[in-house]
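Coordinate analysis (summary)
Given next are the chains, with one letter for each unit.
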Amino acid sequence: MANRLWLPATLALAIAACGDPNNNGNESGKISTPDKGAAEVLQSTAATPQALSIDYEKFTLPNGLRVIVHEDRKAPIVSVGVWYHVGSKDEKPGRTGFAHLFEHLMFNGSENYDDEYFKPFEQAGATGMNGTTWLDRTNYFETVPSNALDMALWMESDRMGHLLGVITQEKLDEQRGVVQNEKRQGENQPYGKVMGKMQQAIFPAGHPYSWETIGSMEDLNAASLEDVHEWFKTYYGAANTVLVLAGDIDVATAKEKVSKYFGDIPAGPPLAKKDSWIAKRDQSTRESMFDRVAQSRIYKAWNTPNIGHADAGAIDLAASILGDGKNSRLYKRLVYQDQIATSVYVSEYEFELASMIQVVADAKPGVDLATVEAAIDEELQKFLAEGPSSEELARVNMTDYAATARALEQVGGWSGKGVILARGELYLDNPNGYLEAMAHRQQLTQAQVQSAAQRWLSSGDHVIEVHPFPEYKTAASGADRSKLPALGDFPSVPFPDIQTAEMPNGLKIVLAERHSVPVVNMELQFDAGYAADQGARLGTSSYTMSMLKEGTKHLSALEISAREEILGATIGTSADLDTSSVSLNALTSNLDASIELFADVLLNPAFADEEIERKRSRWIAGIQQEKTKPVQMALRNLPPLLYGEGHAYSIPFTGSGTEESIATLTRGDLMNYHQTWLRPDNATLIVAGDITMPQLQEKLQQHFADWTAPQSAKPMKNLAQVALPEKASVYLIDKPGSEQSIIIGGLLAPSEKIPERETLHMMNDILGGTFTARINMNLREDKHWAYGAYSFLTGAKGQQPLLVYAPVQTDKTSESLAELQKELRAYIGSNPAKADELQKLKDKRINELPGRFETINAVAGALSSLVTYERPLDYMDSYAEQVRGIDLERVRKLAKQTIKPEQFVWVIVGDKEKIAEKIAQLEIGTISELNVDGHPIAGGS
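Definitions and cut-offs
- Residues numbered from 1 in each chain as written.
- Predicted model: local features only at pLDDT ≥ 70, side-chain atom pairs only at ≥ 80, totals over all residues.
- Heavy atoms only, no water.
- Phe/Tyr/Trp six-rings, centres within 6.5 Å; stacked < 30°, edge-to-face > 60°.
- Helix = DSSP H or I, 4+ residues; strand = E, 2+ residues; numbered from the N terminus.
- Buried < 20%, exposed > 50% of the residue type's maximum accessible area, 1.4 Å probe, protein only.
- Lys NZ or Arg CZ within 6 Å of the ring centre and 35° of its normal.
- 1 Å grid on protein atoms, 1.4 Å probe; cavity = no way out; pocket = protein on both sides within 12 Å on 5 of 7 lines; lining within 4 Å.
- Points joined across faces, edges and corners; volume = space filled by probe spheres on them.
- Expected span 1.5 Å × (residues − 1).
- Pairing = 2+ DSSP bridges.
- Axes fitted to C-alpha atoms, helices over the stretch in contact; angles between N-to-C directions.
- Parallel < 35°, antiparallel > 145°, perpendicular 65-115°, else oblique.
- Left-handed = near helix turned anticlockwise from the far one by under 90°.
- Contact = heavy atoms within 4.5 Å.
- Core = buried A, V, L, I, M, F, W, Y, C linked by side-chain atoms within 4.5 Å.
- pLDDT = per-residue confidence, 0-100.

Observations regarding the packing of aromatic side chains
- Summed over all chains, the structure comprises 27 aromatic pairs.
- Relative to Phe 232, the ring of Phe 102 has its centre 5.3 Å away and its plane inclined at 15°; by these criteria the two rings are stacked. Placement of Phe 102 in helix α2 (residues 98-105) and of Phe 232 in helix α8 (residues 225-235) is noted, with a sequence separation of 130 residues between them. Phe 232 shares its class with Phe 102; the two are buried.
- Note on Tyr 543 and Trp 619: the rings are 4.8 Å apart at their centroids and 50° apart in plane angle, and the pair reads as tilted. In this pair, Tyr 543 is assigned in helix α17 (residues 540-547) and Trp 619 in helix α20 (residues 609-626), connecting sequence segments 76 residues apart. Each member of the pair, Tyr 543 as well as Trp 619, is classed as buried.
- Taken together, the ring pairs in this structure connect Tyr 84, Phe 102, Phe 107, Tyr 117, Phe 118, Phe 121, Tyr 140, Phe 232, Tyr 236 and Phe 771 into an aromatic cluster.
- Positioned over the ring face of Tyr 117 is Arg 159, at 3.8 Å from the centre of the ring.
- The lysine or arginine in question, Arg 852, covers the ring of Tyr 879, its NZ or CZ lying 5.3 Å from the ring centre.

Describing the layout of surface pockets
- Reported here for the largest pocket is a volume of approximately 680 Å³.
- As for the largest pocket, its lining consists of 23 residues, of which Arg 292, Glu 471, Asp 734, Pro 736 and Val 932 are closest to the centre.
- Those elements giving two or more residues to the lining of the largest pocket turn out to be β19 (729-734) and β24 (926-930).

So, helix α27 (residues 813-827)
- Helix length check: α27 (15 residues) gives 21 Å between terminal C-alpha atoms against 21 Å at 1.5 Å per residue, within 8%.
- Taken across its 15 residues, α27 has 11 buried, putting it largely inside the fold.
- When we look at burial in α27, the residues that qualify are Thr 813, Ser 814, Ser 816, Leu 817, Glu 819, Leu 820, Gln 821, Glu 823, Leu 824, Ala 826 and Tyr 827.

Things to note about the sheet that holds strand β17 (residues 579-587)
- Read across the open sheet, the 6 strands follow the order β13-β14-β18-β15-β17-β16; overall the sheet is mixed. Where the open sheet ends on each side, the last strands, each with one partner, are β13 (498-502) and β16 (570-575). In this sheet, adjacent strand axes meet at a mean angle of 15° when their direction is disregarded.
- In the sheet, strand β15 (residues 519-527) pairs with strand β18 (residues 683-689) via 7 bridges, with the strands oriented antiparallel. What sits directly across from Asn 521, in β18, is Ala 688.

Some words on the packing of helix α13 (residues 390-407) against helix α18 (residues 557-567)
- Their axes nearest at 7 Å, the elements α13 and α18 cross at an angle of 60°. Taken as axis vectors, α13 and α18 run oblique relative to one another. In this structure, the crossing between α13 and α18 has a hand that is left-handed. Across the interface between the two elements, Glu 391, Ala 394, Arg 395, Met 398 and Thr 399 of α13 pack against Ala 562, Glu 565, Ile 566 and Leu 567 of α18.

Observations regarding empty space enclosed by the protein
- Looking at the second largest cavity, its volume works out to about 60 Å³.
- Ser 79, Val 80, Gly 81, Trp 83, Phe 141, Val 244, Val 411, Gly 412, Gly 413, Gly 418, Val 419 and Ala 422 together form the lining of the second largest cavity.
- Put simply, the parts of the chain that give the lining of the second largest cavity at least two residues each are β4 (77-84) and α14 (417-428).
- Sort the elements by how many residues they give to the lining of the second largest cavity and β4 lands first, with 4 residues.

Some details on the environment of Leu 824
- Assignment of secondary structure puts Leu 824 in helix α27.
- Its relative accessible area of 1% is what places Leu 824 among the buried residues.
- Counting along the chain gives 219 residues from Leu 824 to Pro 605, while the straight-line C-alpha distance between them is 49 Å.

With respect to the pairing of strand β20 (residues 740-749)
- The buried fraction of β20 amounts to 10 of the 10 residues, a majority that puts the element mostly inside the structure.
- Neither face of β20 is left uncovered, since the one carrying Gln 740, Ile 742, Ile 744, Gly 746 and Leu 748 and the one carrying Ser 741, Ile 743, Gly 745, Leu 747 and Ala 749 both have all their residues buried.
- Bridge count for β20 against strand β22 (residues 800-809) is 10 bridges, and the pairing is antiparallel. Considered in β22, the bridge of Gln 740 is made with Gln 809.
- As paired elements, β20 and strand β23 (residues 905-910) share 5 bridges and run antiparallel to each other.

Some thoughts on the sheet that holds strand β5 (residues 127-133)
- Within the open sheet, the 6 strands sit side by side as β2-β3-β7-β4-β6-β5. Their pairing is mixed. Of all the strands in the sheet, the pair left with one neighbour each is β2 (57-60) and β5. The mean inter-strand angle of the sheet, taken between neighbouring strand axes irrespective of direction, is 15°.
- In terms of strand pairing, β4 meets strand β7 (residues 241-247) through 7 bridges, oriented antiparallel. Directly across from Val 78, in β7, lies its bridge partner Gly 247.
- Against the sheet, α2 contacts β5 and β6 (138-145), and its axis sits at roughly 145° relative to β5.
- Contacting β4, β6 and β7, helix α4 (residues 149-161) crosses the sheet at an angle of about 10° to β4.

Quick notes on the nonpolar core
- Among the nonpolar cores identified, the biggest contains 79 residues, and Leu 524, Phe 526 and Leu 696 are the most heavily contacted of them.
- Excluding its chain neighbours within four sequence positions, the residues that come into contact with Phe 526 are Asp 578, Thr 579, Ser 580, Val 582, Leu 602, Trp 677, Leu 678, Arg 679, Asn 682, Ala 683 and Trp 707.
- Grouped together as the second largest cluster of nonpolar side chains are 64 residues, Val 510, Leu 587, Ile 856 and Ile 915 included.

Description of the confidence of the model for the protein chain
- Of the residues in the protein chain, 94% reach a pLDDT of 70 or more, and the chain-wide mean stands at 90.
- Within the model, pLDDT remains below 50 along residues 3-44, and this stretch shows 131 contacts once partners closer than five positions in the same chain are excluded.

What to know about unusual backbone geometry
- Notably, Tyr 191 is not glycine yet its phi reads approximately 65°, a positive angle.
- The topology assignment puts Tyr 191 in the loop between α5 (169-187) and α6 (194-202).
- Tyr 191 sits in the buried class, given a relative accessible area of 10%.
- With phi around 55°, Gln 339 is a residue other than glycine that occupies positive phi space.

Structural data, given as structure tokens:
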């Protein structure tokens, strides 16, 4: 559906570089609403889906704790979810941020376990573990091996019923600092301050949704220990909580264990609850703001009905038809037809008291926002006047159904069965409420959707325009200030058995059968990637792969997208550093038609000049956006500094290329890449899911029989060994007004292909690869200078970068860099890896195996990694033994061989005026200044 968002206020930090900087595609073909005949043709290719539901049993303890149990024995794991019916809506003006602050406090120990909450779970091999807060709820969740269930319930019940004794002023001050750094980190992102302004504008003063969940700096500073204690006593009782257990458990066991651990926890006081407060607006309002962004953006939002309202489903469908995917009305009009925007989408935020629909569009450089807004308004008025077509309803309903069906494979995590049951119980008093709501949406008529849209989207919008800061310059001073002038002028389930085969054309096949859900996942992986750009224009790999879905010799981009949606299939094209891939995720019932479409996309790309040009300006705009994002700035500029000229990896690790290379890219470049690299004898087809090898080979023979390898030899990439620099160096990228500095240090480490790969990763994880690793404990938990700080290995067939990453508050930049240097030096010197640190990681790696490969996508992802890095396909069979055999002395020795603090290359993105002088005083190495393109600035530092 239309970007129906359930975003947590606390998200795990992830750094990823994707090939297409715009994250959406282009289309070709005539813009029109399909007629009835076209709709019938499309719908006839898809089978009628079966109704979805989750079996469960529910009971309530005498203290009011509601417990839902779902039995799923496919893996020896249990998902534990604790959902407190309290969020930022329960706060009061002047006391905002309490719900989110308390989420952090509840991760910092309880009366009977006063230590970091993650430690016992890491040792037990927990997966999918986190906590989130939003407007209506706070939830904690983890998936543990069955044998660790008692530990998980003990921990969850201890912080529910035995917490206040350890909430001290010291812990309050510590987590207040962490939350404030999280707020700074969010607001430092492009467009990061918009949501707070939108909530304040669209809901009336005093409405519980009129402030952000993370709260204001002033309110967080004002929170007293007494305030926090009272908040917990009021809202975290058993009667205000839902506990969901899903997986390897039955209701009898659940009753016994839950009663044992939770039965003595007080119910809490009775709470008054509002059913709804939609606050429908009649007048349009608007505001403008400036940010350090590359493109102007418009946000247009309406208050809409709350969860459970009679119109909620119809509004959800309307939002999807207007702005979900490339076949949505707004995308076709703004991006494809008029080419006045580089992206547009509609997000629906569903809440308990009210919901909100938001249209977001990025104007194409050089296009005024007023032109974009006029097109949005025109398409909206057409929709209100005409309503949706039957084909549009069929597409969005199948997309919704397919996404939900796939979510039912997993018991926990961010979106599995446990989450669906918990949300249904918490908000709808019915664990299957969300699945029933989806079934209801599938039956809505065109007239019902049109009528609801007319009621809620015809008036009352609020518009926020975000514009780039003007580029101001100052002139050299020409005044004589020694005297007044004269008067005159002046931003563990066993890994599946692996089957292999090879087709006559040289295509290798790797298959893992998994029949738990009627889904097949395929990835056709080519030895190519960004590294194949060597000797060609940078960005060629990513651009070519992104163009595969922009039309074939038989279908336009719009027709490809429409067939995916009606089949419930997803075709993806991508490139990373070492590989390029074309993937398919398909329902078994529609597999033949899905593979036919998959083959057409791979084998018959049109590479039409019109589509290449349509994408070019949007792609360049994406590169310009990368240059405004601190992390992407560093990832663009660090690799060339590490690898030097002539190496295949001496390229921006975002894979997007440069403005100059993309501006000159031709159809011939794309065709040459397709013919040179996307060949069967340079590929492996990785398949996981509901299919056998004979069935798979039959379908491949049917659809890929004419795919043959050229006579020329397979291409090679220069992955030669690169020597480390003789001494450390520091490069500054100036970001004036930045509220944080991004510190990224890089050093070349051994290839991901080495036999000691697991030892290498253990070595890194002790230093900075996990939440409880040394670097994060130092800069986040001890110093409170960063929301999170880590080290990680990026993965590569050749030498891979070891990166140290820390986004820190500006006034602690040099101090943070000094602490990072101290940690690196100590790790290979006075404070090497310890036995307990290594054992903790071993336990985590081994104990998380039962839940690691629960889903088809997880199995396929592991297979893909084995193929990429040329590991034996039975690698996972001996994985536990490999981990158990890792030796502490070998970890220490590998650390000394790999980590060279005096030879790191540091890239720091921040406000140069505030940080440069103190960094120079550290005397780490030569300091140079780069612009956002990685070019030296003469005399910069």
